[in-house]
Each structure stands twice: as structure tokens, then as C-alpha cells.
Amino acid sequence: MSGIQLLPERASEFAQRVDVLFLFLATVTVFFTLLIAVLVIFFALRYRKGSNASRAGAKDTDLRLEIGWSLIPLSLGLFTFVWASRLYGEVYGPAPENALEIFVIGKQWMWHIQHPSGIRENNQLHIPAGRPVKLTMISQDVIHSFYIPAFRIKRDVLPGKYSTVWFTPTKPGKYHLFCAEYCGTQHSRMVGTVYVLEPAEYERWLASGGEMRVGETASGTGTVAGVATASLVQAGEKLYNQLRCNACHGLKDDQRGPTHYGLFGKKVKLRDGTTVVADEAYIRESILRPTAKVVDGYEPIMPSYEGLLSEERLLQLVAYIKSLQKTEKQVAEVKP
Ligand code: CUA
């Protein structure tokens, strides 16, 4: 590419709209900056001490002028506010139902990606074009920030708390992935590549278990996509059984702990009378700090798993518990 590129490539559905807003803001800013600067210089020169420009008819106030310079910037400001906050709400709001869900763990100094199929990648992210992608992200140490300029998305990745972001890539290709939060000595090297593939090529990539090389990745930076041995849910189930979660959490609410079947997304009533929605963050917290939110009707007897599980394993457990979508009744029908 020749010349100076003012804006990064546009490769997501948000990109165009973010750019229009940005260009509008830039235009308004440049226009008023120039207007004020030119007037300041003009008046300073014309009415400088000793100049013989006529001062006749000078007024102390002019109501029309004052209303004008109050109302015009006010309406411009409010217009921009409404426009920008609506776009922001969409970019950072909930992802569409059909979004492909991928998990991201940030750590000093790399991006670790987990696909639902079990494929793992380091500093690489393979996604299909034309389908919404939702990322659920967490940090294993300090604050990082997940930034894909071509998609116009940037989201802080925090320790101890899931953050999410979504986008729909539109154009197959290779894009930069950056960490946009200073996170230590090698922050500037916490970079990666996003590969947006044609849906058919993506299917082939999935089928190869993440081993297929895309385009020029064969001579890449040495970051190798991991082979899928088990899906995220399968890995979670194995861990669930290893940790003996099922000793206290049964198919129904008749054990020492509440059942995990049909839990995800449900409203849960707590001992203190409040209600929470069982989302990823709630499940993660209940594994690490079980006494923080005790379900109504149960004793705070569950041991804490704080420090015993990596973020990766926590994601597996969360994915498995999420997958237990059957209700108590459906389970009862299957069981003898
Ligand atoms: Cu991670 Cu900067």
C-alpha cells in the first residue's frame, strides 16, 4: 500500500459506522478550531492598539449572538451524544443470540484463545466471515486490553471479572490484534493475528482441529494452534467429575447444593432475599467464593476453589455448567 493510511482497514460491521462518527467529530472539531483561530488572529490584527480601524457602533452585548453561540454548540453536542451513545450501546451491548462464542484469556504477555470445539490458539484467532462473534474474556494477571483496529473494537480484559465484546467480521483477511493497555515489560509484544476465513474454509479449519495452516501462517511467528482433544464442554465435564461437583449438585434440588441443570440464565433467589441472574460471572464467583452468594434454602458449606483452578479450567467448568440446559423435568423423563 502506498501513501499514508489515515484509518485502519474496515473489516467489521461496526467499522464503517464508527468511522462516520469519528469523521463527523473530526470535521466539527477542525471547523470550530479554525473558525475561532482565524477570528482571534483577524480581530487581534485589525483592532490592535494604534490601528485606525473604525470602532464606531461597538456594542457591549448582542443577544442574538449570545443565543447563537450557546444553542449551536449545545445542539451539536447533544446530537453527537445521542449518536455516539447509541452506537456505543450496540458495540458494547449484548451479542446476538446466534453469535459464535469464543473465550479469551489474557496473560503476561500473550493472548490465549479457546474455541467451543476445544481448539486452542495462542496469539491467533480464526473466525468465519459474516457471522457475529462473541468474546468472553478474562485476565490471569494484570489488566490487558483486547484491541482489533480493523474491527473498531477495544475492550479491557480484567483479572477476576469476565468482560465481553462482539462484532461481525465482514471481510476475509489477516488483521492485527493488539494489547492496548500497558501491562508490563513486554506489553508491546503482546500482539497477534486475526484470520477471518470464508465460511467453507473456516469449516475446514475447524475439521482439521486447528492444524490447518491458513494462507501464509506456515512461516508465521511460531505460534501454533493447539489440537483439539476434547471440546470445551467435554473438558469441563471431565473436570466437574474429577472435582466431584456432582457429589453435592445433583439432577434435582434435593442434594446439599442446588442443581446445575437448567441453571444458566435463570434468576436465582439468594439467602439474603436478593435475586441474581446465573450468568458466567455468577458461576465463576460461586466456584471461587461460594459464600458470596448463597442460594436461598442452602447452607454456606461449599469449600472455596480459589487458587486451585486456572482461568482456563474455570472457563471449561463454566462452559459445562452452561451446557446443562435441561430442566429438572426433562432430566426426570430421561432417567428411570
Ligand atoms: Cu497485555 Cu499490554
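Residues numbered from 1 in each chain as written. Predicted model: local features only at pLDDT ≥ 70, side-chain atom pairs only at ≥ 80, totals over all residues. Heavy atoms only, no water.

Undergrad: Tell me what's going on with the sheet that holds strand β1 (residues 100-107), and back it up with residues and numbers.
TA: Read from one edge of the open sheet, five strands run β3-β2-β1-β5-β8, paired in mixed fashion. On the outer flanks of this sheet lie β3 (120-122) and β8 (163-167), each paired with one strand and no other. Between one strand and the next, the sheet's axes are offset by a mean angle of 25°, whatever the strand orientation. Sheet analysis places β1 next to strand β5 (residues 133-139), joined by seven bridges and oriented parallel. Following the sheet pairing, Ile102 is matched in β5 by Leu135. (Pairing = 2+ DSSP bridges. Helix = DSSP H or I, 4+ residues; strand = E, 2+ residues; numbered from the N terminus. Axes fitted to C-alpha atoms, helices over the stretch in contact; angles between N-to-C directions.)

Undergrad: I'd like to hear about the nonpolar core, residue by residue, with values.
TA: Formed by 37 residues in total, the largest nonpolar core has its most connected members in Ile127, Leu135, Phe146, Phe151, Ile153 and Val194. Core analysis: the next-biggest nonpolar cluster, separate from the first, contains 29 residues, Tyr162, Leu232, Val318 and Tyr320 among them. (Core = buried A, V, L, I, M, F, W, Y, C linked by side-chain atoms within 4.5 Å. Buried < 20%, exposed > 50% of the residue type's maximum accessible area, 1.4 Å probe, protein only.)

Undergrad: An account of helix α5 (residues 280-288) is requested, with residue identities and associated values reported.
TA: Of all nine residues making up α5, eight are buried, and the element is well covered by its neighbours. Within α5 the residues assigned to the buried category are Glu280, Tyr282, Ile283, Arg284, Glu285, Ser286, Ile287 and Leu288. Close packing links the buried residues of α5 with β1, β5, β11 (267-269), β12 (275-277) and α6 (311-323). (Contact = heavy atoms within 4.5 Å.)

Undergrad: Please set out the domain arrangement of the protein chain residue by residue, giving values where relevant.
TA: Structurally, the protein chain comprises domain 1 (7-39 + 63-229) and domain 2 (232-334). Summarising the inter-unit geometry, the C-alpha centres of domain 1 and domain 2 are found 31 Å apart. In this assembly, 18 residues from domain 1 lie in contact with 11 residues from domain 2. Regarding the contact of domain 1 and domain 2, the summed buried area is about 1200 Å², with carbon and sulfur atoms giving 57% of it. Considering only the surface of domain 1 that becomes buried against domain 2, Phe103, Gln114 and Tyr162 emerge as the three largest contributors, covering 46% of it. (Domains from an automatic or database assignment. Buried area = accessible area lost by both parts, 1.4 Å probe.)

Undergrad: Can you lay out the pattern of salt bridges for me, pointing to particular residues and giving the numbers?
TA: Once their charged atoms are close, side chains differing in charge can pair, the charge on each being opposite to the other. Throughout the structure, instances matching the rule amount to 16 salt bridges. For Asp296, the salt bridge goes to Lys269, with nearest N and O atoms at 3.5 Å. Here Asp296, found in the loop between α5 and α6, pairs with Lys269, found in strand β11; they are 27 residues apart in sequence, far enough to count as distant. The residue Arg289 makes a salt bridge to Glu306 at a minimum N-O spacing of 3.3 Å. One end of the pair, Arg289, is in the loop between α5 and α6; the other, Glu306, is in the loop between α5 and α6, with 17 residues separating them in the sequence. Of the residues examined, Glu306 reaches a relative accessible area of 45% and is grouped as partly exposed. Via salt bridges that share partners, Glu101, Lys134, Glu280 and Lys322 belong to a single interconnected network. (Salt bridge = Lys/Arg side-chain N within 4 Å of Asp/Glu carboxyl O.)

Undergrad: Residues and numbers for the pairing of strand β7 (residues 153-157), please.
TA: Where strand β6 (residues 144-148) lies against β7, five bridges are found, and the strand directions are antiparallel. Considered in β7, the bridge of His144 is made with Val157. Taken together, β6 and the strand that follows it, β7, pair antiparallel across an intervening segment of four residues, in which Arg152 is found at a positive phi of about 60°.

Undergrad: Summarise the environment of Gln316; cite the residues concerned and give the values.
TA: By the secondary structure assignment, Gln316 is in helix α6. The class of Gln316 is buried, set by a relative accessible area of 9%. The spatial distance from the C-alpha of Gln316 to the C-alpha of Gln234 is 8.2 Å, given a sequence separation of 82 residues. If near-sequence neighbours (up to four positions away) are discounted, Gln316 is found in contact with Gln114, Leu232, Ala235, Gly236 and Leu239.

Undergrad: Tell me what's going on with the packing of aromatic side chains, and back it up with residues and numbers.
TA: What the rule picks out here adds up to 14 aromatic pairs. A ring pair is formed by Phe14 and Trp166, whose centres lie 5.1 Å apart and whose planes are at 75°; its orientation type is edge-to-face. With Phe14 in helix α1 (residues 13-46) and Trp166 in strand β8, this residue pair connects regions lying 152 residues apart in the sequence. Taking 5.6 Å as the distance between ring centres and 55° as the angle between the ring planes, the aromatic pair formed by Phe151 and Tyr175 counts as tilted. Of this pair, Phe151 sits in the loop between β6 and β7 while Tyr175 is found in strand β9 (residues 173-179), placing the two residues 24 residues apart along the sequence. The pair formed by Phe151 and Tyr175 is uniform in burial state, with each residue classed as buried. Through a chain of ring-to-ring contacts, the aromatic side chains of Phe24, Phe79 and Trp83 assemble into a single cluster. (Phe/Tyr/Trp six-rings, centres within 6.5 Å; stacked < 30°, edge-to-face > 60°.)

Undergrad: Residue-level account of the packing of α5 against α6, with values.
TA: Interhelical geometry of α5 versus α6 gives an angle of 120° and a closest axis separation of 10 Å. In terms of axis orientation, α5 runs oblique to α6. Crossing geometry of α5 relative to α6 is assigned as right-handed. Contacts between α5 and α6 involve Glu280, Ile283, Arg284, Ile287 and Leu288 on the former and, on the latter, Glu311, Leu314, Leu317, Val318, Ile321 and Lys322. Residue classes in the contact of α5 with α6 are distributed as seven nonpolar, no polar and four charged. (Parallel < 35°, antiparallel > 145°, perpendicular 65-115°, else oblique. Left-handed = near helix turned anticlockwise from the far one by under 90°. Nonpolar A, V, L, I, M, F, W, Y, C, P; charged D, E, K, R; others polar.)

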